[in-house]
Amino acid sequence: MKDNRIRKENTVWTVSEDYSFKPLLDLFDTYGDSDMDYYKMLVLGYVYKVMDMEAFMEFLYVHYGKTQLKNEFLKLCEVYFDDCLAGDLIKVRPGAAGYRKDFLDKILAKGLVKEDQDGQSNMAYNTSQALGYVYYARLAGIFVDPERLGISPAIVDLVDYMQARNSAKTSQEIIKNLNSAFLKYFFVNTRLDLSQANRLDDEMGDKEDKSSASKKEVQTPKQSRLKLAMKKKFLKPGQDIGADMTIESAEFTKGIDIDELVLDRNESPLSPSVTRSNDTVRKMVTNRFGKSILPGHTINSLEADLCRGIHKGIKLHFTRGDFDIDRDNIYYAKSIKAQAESNMEYYRDNELVFRRSINELREILKKKLVFDDEEDIEFASSGSLVVSRIWKNKAFNEDKIFARVDKREMTSISVDILLDASSSQMEREGQVAAQAYIITEALTSLNIPTRVLAFSNLFNFLVVNEFRDYKDPRTKNSKIFDYKASGSNRDGLALSLVAKLMDAGDYDKKIIIVLSDGKPNDKINLGTKGFFEVDGQDYIDDLAIKDTAQEVFNMKLRGKHVLGIFTGQEEDLELEKKIFGRDFAYVKNYDRFSKIIGFYIDDILE
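(A) Spotlight on the overall build of the chain. The helix and strand inventory of the chain stands at 22 helices and twelve strands. The long-range fraction of contacts in the chain, counting pairs at least 24 apart against all pairs at least 6 apart in sequence, stands at 76%. Per element, the accessible surface of the chain, about 28,600 Å² overall, is 49% carbon and sulfur.

Right under this line is the structure:
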C-alpha cells in the first residue's frame, strides 16, 4: 500500500515538474486498476502543474462542508479537470493518450454494474459512480439514456452544464465554473435530486429507509474520501473554514447553509423571527458585498418610502465594495479582486476597439454641449461701441452700432449608469464592465456628472454597489471593473431607488442608462423555507416585468430620460422591449456602440 502511494506521488511530481509539495492524492478516486490509477495521477500531476492549487484548495474547503454530496462533487472536479486539461496534457506527454483511451474503455466496459460478495451482478451503484460514468461516457463520445440506466436526468443535465464550459484553461475560469455548478447542483437542498439516482434500490427490494440512509451519509465522515482534517495546511493564517460560502444567487440556489442560518423551528413566525433573520442576512450581505456607506436612519427612511406594495419587507444595503477584512469576508473580498482582474484583462485584450469607442462617443457629445466660455455677440442700440459701424449711423441712421455679449449658459446634465449585477450576467461580466467603462470615460472626460451603480439581491436585501458618484475624480472610473455578478435582481425597486437619488440632483436634464438582460427575477424564499423566515414577496415572471416597465414609465413621466442597453440573450429581447419600449439599444458590434449611445444623448440635448 505504501509503495503504491509512493509510485502515485512520484507520478504527480514528475508530471508537475515540482517536488516541493505533498500531493493530495485523494482528490481523485481510485479504480482498483494500476493503469487506470496511473492515468489519473498523470492528470493530477498536470493539474498541479497548471493550476493555482492554493486558490483551488481554498475554494474547495470553503465549499466542501456545505454539501451532503461530497464525493459526488469531488468526482465532478476530477472529471472536469480531465475534460478541460487532458488535451494539453497529451500535447506535452503524448504517451498519456493511450492511457486515457484505455481508461475510458475500461470505464465503459465496467458500466454501472458491480458484483456483490457472492459474485452476483447487481445495480447498487452510488451517485458518485453514476456521475463519473455519465461524464466519462460523454468524454468517450457516448450519450447515455438516464431512463434506461435508472439514473436521474439531473445527472445528465449536470454533465451537459460542465461540458458546455470545458474550454476553461485558467485556474480562475475552472474555479468559477466549478463554483457555478456547486451552487446550481450541490448546495444544501439543491435542485439536483441525486437520491433519485439510486431509485433502483426500491425496485431491487431495498427496504432501508432512505431518509435514515441520508442521515447516515451526513453524519459519517468516513464516507467522504477526502478527510477534512487535512484542510488546515491549505489555509492562510487566521482563515476559518467555517466562513460562509458564496451564495451567488437565488436564481441558481435552492438551499442555504443550515449551520449558519437555522433557527429554532418552534419559534413563533412573528416579528422577532423576521428581525433575527434580517440581522442574519444583513451580516451575510456585509460579508459578501462590503460594509454599508449609509447610516441606519437614512436606510430606514428610504425603506419606508420605497419598500411598499410588492417590495414590502425588502431591505436596502448601500456599499462601495470596501471591506474591513476579517476571516468571514476575506474569501469574498479576494473573489471581487480576482473578478476585477479578469474584467480588466478583457478590456486590455480589446483596448484599441474600446479606446476608439470612447473617443467617438466623446466627440459626438462634445459637438452638442454648450460650454460656459462660449459667447454670442449681437449688435444692439446699447452696449460696447463698435467703431467700424459708426459710418452706418451717419449714412443709414442705423442705431445698432453697439456690441452686446450674450454669454450662453450650458445645459446642465447628469447621467446615472445602472448595471444589473445578478448572476444571470455571470458569463458576460467583462463585457458589461467594459460597456459601462466606455460610457463613463467619455462622459467624465467632458466633466459631465456621472454616477455608476450596480444592483443585485440576496434573499430580501437589495444590494446597491456604488462604483463612482457625480463629483468623484475621473480616476475612480477604474472601480467599475470591480463589477461582479451574483444574486438575483429586483429591477423595479432598483429603478425606483435610483430615481429618488436622481431627484436630489439639481440638473436641467437627468439621464439614466440601464444595462440589463431584461429578466427581473427575485424569488425571496428560495432555499430558506424550513430553516429561517425572511420578509418580502417573490418578484418573478409577468409581475416582475410589469413592475419594472411601470417604474421606467414613471421615471419618464417625472422628466427623466431612460435608455436600456440590452446585455442578455437574443431570445429575451422581447422582454427588454416590454420594459423600455423604443428606448433601448441592442449592440452586437462595438463599432456601433458609441454611435448609438451618442445619438441617444444627442437627441436629448436638442
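(B) Geometry of unusual backbone geometry. Here glutamate 17, not a glycine, exhibits a phi torsion of approximately 60 degrees, which is positive. For glutamate 17, the location among the structural elements is in the loop between helix H1 (2-16) and helix H2 (34-50). Residue asparagine 447 is not a glycine yet carries a positive backbone phi of 60 degrees. Tracing the backbone through its elements, the reader meets asparagine 447 in the loop between helix H18 (429-444) and strand S8 (450-458). Of the residues examined, asparagine 447 reaches a relative accessible area of 69% and is grouped as exposed.

(C) Main features of the packing of helix H14 (residues 296-306) against helix H19 (residues 491-503). Where H14 meets H19, the closest approach of the two axes is 11 Å, and the angle between their N-to-C directions is 120 degrees. Our classification of the angle between H14 and H19 gives oblique. When the axes of H14 and H19 are compared, the crossing they make is right-handed. The segment H14 lies against H19, with Leu302, Asp305 and Leu306 engaging Leu493, Ser496, Leu497 and Lys500.

(D) Spatial organisation of the pattern of salt bridges. This model, assessed by the stated rule, comprises 36 salt bridges. Residue lysine 334 is joined to glutamate 58 by a salt bridge in which the shortest nitrogen-to-oxygen separation is 3.1 Å. Here the residue lysine 334 occupies a position in helix H15 (residues 330-349), and glutamate 58 occupies one in helix H3 (residues 53-64), the gap between them amounting to 276 residues. Its relative accessible area of 5% is what places glutamate 58 among the buried residues. A salt bridge links aspartate 105 to lysine 101, with the shortest nitrogen-to-oxygen separation between them at 3.0 Å.

(E) Seen up close, H19. For H19, spanning 13 residues, the distance from its first C-alpha to its last is 18 Å, which sits close to the expected 18 Å at 1.5 Å a residue. Along H19, ten of the 13 residues are buried, which leaves the element largely enclosed by surrounding structure. Within H19 the residues assigned to the buried category are Asp491, Gly492, Leu493, Ala494, Leu495, Ser496, Leu497, Val498, Ala499 and Met502.

(F) The packing of aromatic side chains, seen in detail. Counted under the stated rule, the structure contains 20 aromatic pairs. Residues phenylalanine 28 and phenylalanine 81 carry aromatic rings whose centres are separated by 6.4 Å and whose planes lie at 40 degrees to one another, so their mutual orientation is tilted. Highlighted residues: phenylalanine 28 in the loop between H1 and H2 and phenylalanine 81 in helix H4 (residues 70-92), separated in sequence by 53 residues. The same class applies to phenylalanine 28 and to phenylalanine 81, which are both buried. For the ring pair tyrosine 331 and tyrosine 332, a centre distance of 5.4 Å and an interplane angle of 85 degrees mean the geometry is edge-to-face. Clustering of aromatic rings is evident, with ring pairs tying together Phe28, Phe56, Phe59, Phe73, Phe81 and Phe182.

(G) Spotlight on the side chain of aspartate 82. Summarising the element assignment, aspartate 82 is placed in helix H4. Only 3.0 Å separates the side chain of aspartate 82 from the side chain of tyrosine 39, close enough to count as a polar contact. Setting aside anything within four residues of it in sequence, one finds aspartate 82 in contact with Tyr39, Lys40, Val43, Arg100, Tyr136 and Leu139.

(H) Spotlight on the sheet that holds strand S7 (residues 413-420). Pairing is mixed in the open sheet, where seven strands are placed in the order S3-S9-S8-S7-S10-S11-S12. The open sheet terminates on both sides in strands that have one partner only, identified here as strand S3 (315-319) and strand S12 (584-585). When strand S10 (residues 509-516) meets strand S11 (residues 560-566), the two strands line up parallel, connected through seven bridges. Bridged to valine 514 within S11 is glycine 564. H18 contacts S7, S8, strand S9 (461-468), S10 and S11 of the sheet and is inclined by roughly 170 degrees relative to S7. Against the sheet, H19 touches S3, S7, S8, S9, S10 and S11, its axis set at about 155 degrees to S10.

(I) Local environment of the side chain of serine 422. With respect to the element layout, serine 422 can be found in the loop between S7 and H18. In this structure the side chain of serine 422 is engaged in a polar contact, spanning 2.8 Å, whose partner is the side chain of aspartate 420. Only 3.0 Å separates the side chain of serine 422 from the side chain of serine 424, close enough to count as a polar contact.

(J) Focus on H3. Given a rise of 1.5 Å per residue, twelve residues ought to cover 16 Å, and the 15 Å separating the end C-alpha atoms of H3 matches this to within 8%. Of all twelve residues that make up H3, ten are buried, and the element is covered over most of its length. Each element contacted by the buried residues of H3 is listed here: H2, H4, helix H9 (171-186) and H15.

(K) Structural context of the confidence of the model for the chain. Looking at the chain as a whole, the pLDDT averages 79, with 79% of positions reaching at least 70. In the model, residues 188-222 has pLDDT below 50 throughout and makes 56 contacts with residues more than four positions away in sequence or in other chains. pLDDT under 50 marks residues 228-272. Its contacts with residues more than four places away, or in other chains, come to 120 contacts.

(L) Looking closely at the pairing of S8. Of all nine residues making up S8, nine are buried, and the element is well covered by its neighbours. A two-sided burial pattern is seen for S8, the buried positions comprising Thr450, Val452, Ala454, Ser456 and Leu458 on one face and Arg451, Leu453, Phe455 and Asn457 on the other. Alignment of S7 against S8, held across six bridges, turns out to be parallel. Residue pairing for S8: valine 415 is matched across the bridge by threonine 450. Summarising the sheet, S8 and S9 pair through seven bridges and their orientation is antiparallel. Paired with leucine 458 across the two strands is phenylalanine 461, which belongs to S9.

(M) Representation of the packing of H2 against H4. Closest axis-to-axis distance for the H2/H4 pair is 9 Å, and the angle between their directions is 85 degrees. As far as their axial angle goes, H4 and H2 are roughly perpendicular. Note on element contacts: H4 touches H2 through Glu78, Phe81, Asp82, Leu85, Ala86, Asp88, Leu89 and Val92, opposite Tyr39, Lys40, Leu42, Val43, Tyr46, Val47 and Val50. In the contact of H2 with H4, the residues fall into eleven nonpolar, no polar and four charged.

(N) Representation of the pairing of S9 in the model. Within S9, eight of the eight residues are buried, which leaves the element mostly enclosed by the surrounding structure. Taken together, the five bridges between S3 and S9 define a ladder with parallel strand orientation. The partner of histidine 317 across the bridge, within S9, is valine 463. Where S8 folds back on S9, the antiparallel hairpin that results is connected by two residues, among which phenylalanine 459 adopts a positive phi of roughly 50 degrees.

How each quantity is defined
Residues numbered from 1 in each chain as written. Predicted model: local features only at pLDDT ≥ 70, side-chain atom pairs only at ≥ 80, totals over all residues. Heavy atoms only, no water. Helix = DSSP H or I, 4+ residues; strand = E, 2+ residues; numbered from the N terminus. Contact = heavy atoms within 4.5 Å. Areas by Shrake-Rupley, 256 points an atom, 1.4 Å probe, with all protein chains shown as cover. Buried < 20%, exposed > 50% of the residue type's maximum accessible area, 1.4 Å probe, protein only. Axes fitted to C-alpha atoms, helices over the stretch in contact; angles between N-to-C directions. Parallel < 35°, antiparallel > 145°, perpendicular 65-115°, else oblique. Left-handed = near helix turned anticlockwise from the far one by under 90°. Salt bridge = Lys/Arg side-chain N within 4 Å of Asp/Glu carboxyl O. Expected span 1.5 Å × (residues − 1). Phe/Tyr/Trp six-rings, centres within 6.5 Å; stacked < 30°, edge-to-face > 60°. Polar contact = N/O pair within 3.5 Å; in protein donor to acceptor, adjacent residues only side chain to side chain. Pairing = 2+ DSSP bridges. pLDDT = per-residue confidence, 0-100. Nonpolar A, V, L, I, M, F, W, Y, C, P; charged D, E, K, R; others polar.

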